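Working through the structure, step by step
Each chain, written out:
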Amino acid sequence: MKISSFIKSEILNGNAILFLGAGASIPSFSKDGIKKGLSGNQLRDALSDQFLGGASKSKSLSHVSSLAFNQAGTSNVHDFIFNLVDELEPTKAHELITKFRWKAIITTNYDRVVEKTYERSSETQQKLKRVISNSDSIQKIVSDPQNLPYLKIHGCVTRLNDPHLPLILSGENYYKFRDNRDSLFNQLKEWAVNYPIIFCGYSIADENIRDLIMDVEDNNIHRPMYIFIDPFIED
């Protein structure tokens, strides 16, 4: 796809926000090659097979996850997701991310692929600082220009089974579970007014993105554009 000279300039100057969705982790595998990154629908099917006997695969991820939570409890569902994604390894594409300076990286993914990438990189220009909840002192992180804020707005496998910070499994419970992470969304809104957002690994039809864009959008503000990096979008 074609990217405007303005967006290219903003990326090169470290003024762009990279927003990673499930598609950014789908090419990842565990070291033994057994586990792989999952799309939202694949996660729904895995939850269905594990907790519902394969039922309700025609329903949404939100619907299936709610049934799974009711059947097995939050702890068992979270542990299952941890086992699915925690061993995923970075790809060459993830390594490219570290070669650029970013205003921030934001994700709805739960895995540690980006963290592993920055931990192993010898070329990164910034210190990745993960932010999951209000307790993570986002303003202190943002105030240091050497830091790269990494907002995991749907939770992370490093902080499971906290009743005050459950994993968000779809856009339908996006608003319900914003307690204890509202500082992340407020910071996202502030950035969105001034910096372009590069969505990678999402579809325009993705319910998470629709909800997020509606949340940060203000019809009275002219903000930089959103860019979707998607192989199925025509130029």
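Above this text you will find the structure in question.
Residues numbered from 1 in each chain as written. Predicted model: local features only at pLDDT ≥ 70, side-chain atom pairs only at ≥ 80, totals over all residues. Heavy atoms only, no water.

1. Quick look at the sheet that holds strand β5 (residues 197-200)
- The six strands lie next to each other as β3-β4-β2-β1-β5-β6, forming an open sheet whose pairing is parallel. Of all the strands in the sheet, just β3 (127-131) and β6 (226-229) have a single pairing partner and so form its edges. For this sheet, the mean angle separating the axes of adjacent strands, direction not counted, is 20°.
- Bridge count for β3 against strand β4 (residues 147-152) is five bridges, and the pairing is parallel. Bridge pairing in β4 places Lys129 opposite Pro149.
- The strands that helix α8 (residues 182-194) touches are β1 (17-20), β2 (104-107), β3, β4 and β5; relative to β4, the one it contacts most, it runs at about 120°. (Pairing = 2+ DSSP bridges. Helix = DSSP H or I, 4+ residues; strand = E, 2+ residues; numbered from the N terminus. Axes fitted to C-alpha atoms, helices over the stretch in contact; angles between N-to-C directions. Contact = heavy atoms within 4.5 Å.)

2. Remarks on the pairing of β5
- Judged from the four bridges that link them, β1 and β5 form a sheet pairing that is parallel. Counted as the bridge partner of Leu18 is Ile198 from β5.

3. With respect to the packing of helix α3 (residues 61-72) against helix α4 (residues 74-85)
- Viewed as axis vectors pointing N to C, α3 and α4 meet at an angle of 120°, and their least axial separation amounts to 7 Å. One way to sum up the angle between α3 and α4 is to call them oblique. For the pair formed by α3 and α4, the contact residues are Ala68, Phe69 and Ala72 on the first element and Thr74, Asn76, Val77 and His78 on the second.
- Looking at side-chain class alone, the contact of α3 with α4 contains four nonpolar, three polar and no charged residues. (Parallel < 35°, antiparallel > 145°, perpendicular 65-115°, else oblique. Nonpolar A, V, L, I, M, F, W, Y, C, P; charged D, E, K, R; others polar.)

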